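Residue-level listing of the chains:
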Amino acid sequence: MRFKRTAAVLGSALVSLAALSGCAGDTWGEEAGLPAAGDLAAVEKLVSAHTMCSDLRRSSEGPLAEQAADPAWAVRERAVCGDDSKDTVTLLSIADMKKFQQANKTAAAQGRGVRVLLGRDFALLPADEATARALLKADVLLFTCEKDFTVPDGYRKEKLLVEGCALTDYLPG
């Protein structure tokens with residue numbers, strides 16, 4: 001009887017240890033060198049190091065607002081920043097990256113997917129190509145689930161949490 005209890009306790013401890021050591025989504029992106037932010041202030045700091053990101057404000061309107069409001073996308077918070085005259089980047093803090101990737105894959109199958117730049121726990125939508133190219137220097141990568149999207153030879157192709165999508169440093173021009 002005592003052996004069974006000890007085995008049960010040991011089994012529970014091993015399950016807890018496995019959970020703490022980082023399974024599935026906890027460590028996703030580390031091997032690819034993607035940055036993690038934790039919250040929108042940290043995302044703003046990362047973006048500001050590479051492009052204009054002043055006047056950070058939470059907003060329920062504009063790009064990715066519909067996705068941010070849908071629980072399937074697992075968006076924790078949404079904000080925009082830019083220069084004084086316009087928004088240049090939409091920032092999303094992601095609570096569950098696997099859900100986010102799956103929601104984009106589902107949307108892409110319906111012709112409504114989005115191209116975003118991904119970190120380990122956030123997504124960015126730059127307003128223009130020049131801003132996107134500047135942000136690639138922050139070690140974020142382009143994420144898309146477009147059906148006909150191909151990554152040319154010579155560019156990175158990183159693993160995702162869902163099949164059928166791309167994570168790359170290739171930014172079509």
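Residues numbered from 1 in each chain as written. Predicted model: local features only at pLDDT ≥ 70, side-chain atom pairs only at ≥ 80, totals over all residues. Heavy atoms only, no water.

A few points about the packing of aromatic side chains
Going by this rule: To pair, rings of Phe, Tyr and Trp, with the six-membered ring standing in for Trp, must have centres within 6.5 Å; the planes then decide the type, stacked if under 30 degrees apart, edge-to-face if over 60, and tilted in the middle. Per the convention used, a helix needs a DSSP run of H or I reaching at least four residues, while a strand needs a run of E reaching at least two, with both numbered from the N terminus. Summary of the burial criterion: residues with accessible area below 20% of their type's maximum are buried, those above 50% are exposed, and those between are partly exposed, where the area comes from a 1.4 Å probe applied to protein chains only.
This structure, assessed with the given rule, holds four aromatic pairs. Note on tryptophan 73 and phenylalanine 100: the rings are 5.4 Å apart at their centroids and 75° apart in plane angle, and the pair reads as edge-to-face. Taken together, the residues tryptophan 73 in the loop between α3 (65-69) and β2 (75-82) and phenylalanine 100 in helix α4 (residues 97-109) connect sequence positions 27 residues apart. Taken as a pair, tryptophan 73 and phenylalanine 100 share a single burial class, namely buried. With a centroid separation of 6.0 Å and 45° between ring planes, the pair formed by phenylalanine 149 and tyrosine 170 is classed as tilted. Placement of phenylalanine 149 in the loop between β6 (141-144) and β7 (166-168) and of tyrosine 170 in the segment after β7 is noted, with a sequence separation of 21 residues between them. Side by side, phenylalanine 149 and tyrosine 170 carry an identical accessibility label, which is buried.

Describing the sheet that holds β2
Short version of the rule: A pair of strands is labelled paired if DSSP reports no fewer than 2 bridges between them. What counts as an axis is a line fitted to C-alpha atoms, over the stretch in contact for a helix, and the angles between N-to-C directions run from 0 to 180 degrees. Any pair of residues with heavy atoms lying within 4.5 Å of one another is described as a contacting pair.
Taking strand neighbours across the sheet as the criterion, the seven strands line up as β1-β2-β3-β5-β4-β6-β7 in an open arrangement whose pairing is antiparallel. The strands lining the two open edges of the sheet, one partner per strand, are β1 (54-58) and β7. Adjacent strand axes in the sheet meet at a mean angle of 30°, parallel and antiparallel pairs treated alike. Alignment of strand β3 (residues 87-94) against strand β5 (residues 122-126), held across five bridges, turns out to be antiparallel. What sits directly across from valine 89, in β5, is proline 126. In the packing of helix α5 (residues 129-136) onto the sheet, the strands contacted are β3, β4 (116-118), β5 and β6, and the crossing angle to β5 comes to about 145°.

Some remarks on the pattern of salt bridges
The line we're drawing: One side-chain nitrogen of Lys or Arg within 4 Å of one carboxyl oxygen of Asp or Glu is enough to make a salt bridge.
For the structure shown, the criterion picks out seven salt bridges. For arginine 58, the salt bridge goes to glutamate 77, with nearest N and O atoms at 2.5 Å. Here the residue arginine 58 occupies a position in strand β1, and glutamate 77 occupies one in strand β2, the gap between them amounting to 19 residues. Close ionic contact of glutamate 146 with arginine 115 constitutes a salt bridge, the shortest N to O distance being 2.4 Å. Taken together, the residues span a long stretch of sequence, with glutamate 146 in the loop between β6 and β7 and arginine 115 in the loop between α4 and β4 at a distance of 31 residues.

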